[in-house]
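So the chains spell out like this:
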Amino acid sequence: MVVGTISFFTQTALLNEMGSVFLELLKKSYLFHFLFSLLLVIAFQILSNSQKVFEQLGFLYIGMLVFKIVVFTAIFFPQLMGDQPLSHFYRAMILIPIFIFLTLEVIFVSKILRKK
C-alpha cells in the first residue's frame, strides 16, 4: 500500500500539468491494480496451506496474470486504445501501475512459494 501510494503521488507530482480527466483515470488504474494484487496475494497465502494446490500455484499465478491484463484492458479500453483524445504519453503513464504492482506481486508470491 505504501509503495503504491508513494508511486501515485510521485507520478502526479511529475505530471503536474495533467487534467482532471487523466488524474481520475490514473486513480482508477492504481486502485484496480492495488485491489487485484492485494486479493491475489491474500488468495495465494491461503492456498499455499494446501499441499495439493501449492504445487500448482505457479501455473495459477500465470493464469491470474493473464486474467488481470484482460480485465484491465476491458475496463480501460476506451482510454487506452479507443478514439478518445488521450495522447500516447498519457496512455503510457497509465501503464506504470501495471509494472509497479506486477513487481510487488512477484516479490510477495515468490516469498510465499519459497516458504515451503
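Look above for the structure.
Heads up: these notes are all about the structure in this document. (Residues numbered from 1 in each chain as written. Predicted model: local features only at pLDDT ≥ 70, side-chain atom pairs only at ≥ 80, totals over all residues. Heavy atoms only, no water.)

Using the criterion set out here, one finds one salt bridge in the structure. Between Lys-68 and Glu-105 there is a salt bridge, with the nearest N and O atoms lying 2.7 Å from each other. Placement of the pair is Lys-68 in helix H4 (residues 57-80) and Glu-105 in helix H6 (residues 96-114), with a sequence separation of 37 residues. Here the two residues Lys-68 and Glu-105 agree in accessibility, since each one is buried. (Salt bridge = Lys/Arg side-chain N within 4 Å of Asp/Glu carboxyl O. Helix = DSSP H or I, 4+ residues; strand = E, 2+ residues; numbered from the N terminus. Buried < 20%, exposed > 50% of the residue type's maximum accessible area, 1.4 Å probe, protein only.)

Turning our attention to the environment of Pro-97. Within the fold, Pro-97 resides in helix H6. A residue is classified by how much of its surface remains accessible, and Pro-97, at 0% relative accessible area, is buried. As a C-alpha pair, Pro-97 and Tyr-30 span 67 residues in sequence and 5.8 Å in three-dimensional space.

Tallying each qualifying case throughout the model produces six aromatic pairs. Pairing Phe-32 with Phe-36 gives two aromatic rings, centres 5.9 Å apart and planes at 35 degrees, and the pair type is tilted. In this pair, Phe-32 and Phe-36 both sit in helix H2 (residues 20-47), four residues apart, roughly one turn of the helix. For the pair Phe-32 and Phe-36, a shared accessibility class is recorded, and that class is buried. With a centroid separation of 6.1 Å and 90 degrees between ring planes, the pair formed by Phe-44 and Tyr-61 is classed as edge-to-face. Of this pair, Phe-44 sits in helix H2 while Tyr-61 sits in helix H4, and the two are 17 residues apart along the sequence. For Phe-44, a relative accessible area of 2% puts it in the buried group. (Phe/Tyr/Trp six-rings, centres within 6.5 Å; stacked < 30°, edge-to-face > 60°.)

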